[in-house]
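Observations on the three-dimensional arrangement
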Amino acid sequence: PPGRLSFELLNPCQPCPHGLRIFGSCAAAMKEAVMLPLNDESDSEGGSESGSASSVVEDGFYDKHSCTDTPCAMLFLAAVCFFTYVFLWGEWNGDLKKMSHGIDRHGMICGVSANVSDKPLMYYCPQQFDFTNFTWQLEVESRDPICVSACPQNSTEGAVMVSDCPASQQTPYASKVVAQWYCLPDDSALAMAQVKFDRRINSLSQGSSDGFGLNHGWPVMLLVVFVATALGYLYLFMLRLLAKGLIWVCVLLSIVALIGAGCYLWMQGASALNADSELTAEQQGHLELGAKALGVFFWVSAFLVACLVCCCAGEIGLSTACIQQGSQVIWKMPLLLCAPLAKAFAKATLALTFFYGFMRLWSTAEVTGMGTTRYYHFSFEQKLYLCVFVAVGMWILETITALYQFSIAYAVAKYYHTPKDDEGDRDVDCLGVLEGLKAGLFFHLGSLAFGSAIITALEIVQKLLAFAELKNKEEGNNQVVSCILSSLLCCCYCVEGVVQFISKNAYIDIAISSTGFCHAVRNVGRVMLDHGAAMAVLNGATMIFQIVGMVAITLVCGLMSYLLLEQDTFSQPTSSYFVPNRVLATAVACILALIVSWAFMTVFDMATDTLLFCLSLDIRKNGTAVNADEKMKDLFEQARFKADKLRRKETEKVEHGAKIASRKK
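What comes next concerns the included structure. (Residues numbered from 1 in each chain as written. Predicted model: local features only at pLDDT ≥ 70, side-chain atom pairs only at ≥ 80, totals over all residues. Heavy atoms only, no water.)

Counted according to the given criterion, the structure contains two disulfides. The residue that forms a disulfide with Cys110 is Cys147, at a sulfur-sulfur distance of 2.0 Å. With the S-S dihedral at roughly -85 degrees, the linkage between Cys110 and Cys147 falls on the left-handed side. Of this pair, Cys110 sits in the loop between α5 (70–93) and β1 (121–124) while Cys147 sits in strand β2 (residues 145–148), and the two are 37 residues apart along the sequence. With respect to burial, Cys110 and Cys147 carry one shared label: buried. Disulfide pairing is shown between Cys151 and Cys183; the S-S distance is 2.2 Å. Its S-S torsion of about -90 degrees marks the bond between Cys151 and Cys183 as left-handed, since a negative value means left-handed. Separated by 32 residues along the polypeptide, Cys151 in the loop between β2 and α6 (156–161) and Cys183 in strand β4 (residues 182–185) bring together distant segments of the chain. (Disulfide = S-S within 2.5 Å. Helix = DSSP H or I, 4+ residues; strand = E, 2+ residues; numbered from the N terminus. Buried < 20%, exposed > 50% of the residue type's maximum accessible area, 1.4 Å probe, protein only.)

A separate point is the sheet that holds strand β3 (residues 175–178). The mixed open sheet is built from four strands, whose spatial order is β2-β1-β4-β3. The open sheet terminates on both sides in strands that have one partner only, identified here as β2 and β3. For this sheet, the mean angle separating the axes of adjacent strands, direction not counted, is 40 degrees. The pairing of β1 with β4 spans two bridges and is classified as parallel. Bridge pairing in β4 links Tyr123 to Cys183. (Pairing = 2+ DSSP bridges. Axes fitted to C-alpha atoms, helices over the stretch in contact; angles between N-to-C directions.)

Bringing the packing of helix α14 (residues 445–474) against helix α15 (residues 479–513) into the picture now. Describing two packed helices takes the angle between their axes plus the distance from one axis to the other. Their axes nearest at 9 Å, the elements α14 and α15 cross at an angle of 165 degrees. Of the possible angle classes, the one that applies to α14 and α15 is roughly antiparallel. Of the two possible hands of crossing, α14 and α15 adopt the one that is left-handed. Of the residues belonging to the contact of α14 with α15, the class tally is 18 nonpolar, nine polar and three charged. (Parallel < 35°, antiparallel > 145°, perpendicular 65-115°, else oblique. Left-handed = near helix turned anticlockwise from the far one by under 90°. Nonpolar A, V, L, I, M, F, W, Y, C, P; charged D, E, K, R; others polar.)

Structurally, the position occupied by Thr586 is in helix α18 (residues 582–622). Residue contacts for Thr586: discarding those within four places in its chain leaves Gly558, Ser561, Tyr562 and Leu565. (Contact = heavy atoms within 4.5 Å.)

Alignment of strand β5 (residues 366–370) against strand β6 (residues 373–377), held across five bridges, turns out to be antiparallel. If you follow Glu366 over to β6, its bridge partner there is His377. Following β5, the chain reverses through two residues before pairing antiparallel with β6; Gly371 in that reversal takes a positive phi of roughly 70 degrees.

Let us look at helix α11 (residues 338–362). For α11, which comprises 25 residues, the first-to-last C-alpha distance of 36 Å matches the rise-based estimate of 36 Å (1.5 Å per residue) to within 8%. Among the residues of α11, those classed as buried are Ala339, Pro340, Lys343, Phe354, Gly357, Arg360 and Leu361. (Expected span 1.5 Å × (residues − 1).)

Turning to the nonpolar core, a few remarks are in order. Within the largest apolar cluster, 67 residues are counted, with the highest numbers of intra-cluster contacts made by Ile330, Leu336 and Ile408. Going through the elements one at a time, α8 (218–268), α10 (316–332), α12 (380–417), α13 (432–442), α15, α16 (517–565) and α18 are the ones with two or more residues in this core. When residues of this core are assigned to their parent elements, the largest contribution, 17 residues, is made by α18. Ignoring any residue separated from it by four or fewer positions in sequence, one finds Ile330 in contact with Leu236, Leu336, Leu337, Val603, Phe604 and Ala607. Within the second largest apolar cluster, 21 residues are counted, among which are Phe87, Trp89, Leu361 and Val392. (Core = buried A, V, L, I, M, F, W, Y, C linked by side-chain atoms within 4.5 Å.)

We now examine the packing of α12 against α18. Here α12 crosses α18 at 55 degrees, and the two axes come no closer than 9 Å. Between α12 and α18, the angle falls in the class oblique. For the crossing formed where α12 meets α18, the hand is right-handed. Within the contact between the two elements, α12 uses Tyr404, Gln405, Ile408, Ala409, Val412, Ala413 and Tyr416 and α18 uses Thr602, Val603, Met606, Ala607, Thr610, Leu611, Cys614, Leu615 and Asp618.

Turning our eyes to something else, we now look at the packing of aromatic side chains. This structure, assessed with the given rule, holds 17 aromatic pairs. Taking the centre distance of 5.9 Å and the plane angle of 40 degrees together, the rings of Phe358 and Trp362 count as tilted. Linking Phe358 with Trp362, this pair stays in helix α11, spanning four residues, or about one helical turn. Here Phe358 falls in the partly exposed class, since its relative accessible area comes to 26%. Under the relative-accessibility criterion, Trp362 is labelled partly exposed at 28%. Here the aromatic cluster, defined as three or more aromatic residues joined through ring pairs, consists of Phe82, Tyr85, Trp89 and Tyr385. Note that Lys343 overlies the ring of Tyr404, its terminal NZ or CZ placed 4.7 Å from the centroid. (Phe/Tyr/Trp six-rings, centres within 6.5 Å; stacked < 30°, edge-to-face > 60°. Lys NZ or Arg CZ within 6 Å of the ring centre and 35° of its normal.)

Let's shift gears to a nonpolar patch on the surface. Residues Trp266, Met267, Val296, Val300, Phe303 and Leu304 make up a contiguous nonpolar surface patch of roughly 630 Å² in combined accessible area. Listing elements by their share of the nonpolar patch, those giving two or more residues are α8 and α9 (281–311). For the nonpolar patch, the element with the highest residue contribution is α9, accounting for four residues. Mapped onto the fold, Val296 is located in helix α9. With relative accessibility at 34%, the residue Val296 sits in the partly exposed group. (Patch = residues over 30% accessible without salt bridge, like charges linked within 9 Å, V, L, I, M, F, W, Y side chains within 5 Å. Areas by Shrake-Rupley, 256 points an atom, 1.4 Å probe, with all protein chains shown as cover. Salt bridge = Lys/Arg side-chain N within 4 Å of Asp/Glu carboxyl O.)

Next comes the structure, spelled out in structure tokens:
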């Protein structure tokens, strides 16, 4: 009936009737648009979060979400469409050969221009001097480059190949391919350097397949990944049971392992890195110095870990309780641990794709020059395409980070608002992060793109200021200009850090309340004013667990891989799994373990931040934390008490300083 229809559309506490959900999220957007003008002050503060926290669960956490910042979503999608068009335009019109192939004396690009499309190599016509004593200086513009199909030799066939040279320069000389597209004299310094470089690259390629364990050491690398994952889950499990004892064991283990690794590198020197016997004495000396520097780095790391624990010893109890809450959430939804790796893979893949697209777009320019010197001439349209491509590409990558943060925040917020069962447990879906990904894409893409656009704009300003500072140094290094640019750059970094912090908490608020980005920022400001000090104390308290956890897991896996590689299976040259450079293979194993442990710890950070924000918002709305566990309530009260204590100390210091100053006057 019309009366009921208008009531349910205008009442923000009622779910959207199933009969109206014909257009999915668009119907929810209409509901939000209709009810916004009639909201009172309390509704505008919380948006669709109005009512008690339990109503969020009764109506369904996902169903409470509706479209936010729709114009921003439409603008972002339009930008992505235009970005795709520019990418394809560059693919159709660009040619990467224009950026690498040589240019002959007539201005034609070897292997690209129509007249020399079958001649991809560039050859410099010989001058009238003795090539046996030739030293290459790269000053090739004074010579006459031509395009050839193959590098000519000192023969009759070669004379035919260089017929395009001036009449007095048609005596070919023995040449070889250098840098893939250039024919240079066999005995030139650059050609000799190329031979040595190729030999070294082949040696490194063979060494990387053997020494780094990418081939023969693959069983150890695979085992390290599984062991690091198992240690991560064991770390979570132990945190739930005896976090305080575990932190001291991990700290002691980390310090001992770092000191031991430093002593080993200092005593063994270059032999610790399995130095190549073909290296010169000078190169051996540099490697020895590098090994000792790495050993000193390990000692300094051990000292810093010890200092961190000493400075934070008073926070161990507080951080233990906080980290136990976070580990409980992650243990309930283990799929959260895949989110950082998925984000890293997605961003790396897109970044490489965008770089390729940028190079294709750059190659659409008109290229002039001669030899290896080239100049790029862009039309206004091409310049516009390049600017848009870079800006939108950065925007897309930043939006992926925002979507990742929102997905984790959504899953943790859903856990927080899920009521306990009779046994005191929360029955949550382990796929909450995927549901958060869906909600972010279908409902809140505009809000996430809004926050990402602000960060992208600041990053672009930073890049421009850094470029201006570089140009200033190249053109005389004016100290006044340098000071101004450095100050502006410092301010940009500071502002970006603040915006990133606010945006991350705004995404958490959007995941809880389904508000627009501006409303979420306003809610974040109010929560921070009320409970920011306590949240800061708890955020700092969890840092020690994250650092120690990463160091401990990495060192345990590194030690395990080194001991395995010392076994006959990997250390005997006659074995099919022989790894000649076991130290470098161990380093790669440590990197793999660090990546896995990093995935655990980054989720820790986002999960605890979301829990703290949920609790703070709950207290602000209802006067008490309706959905929080008793342990978490006590934890927050301890943090608030500690923050108040620190604030009183600072106030007393200021008052004491003011009294001393007044007495002196």
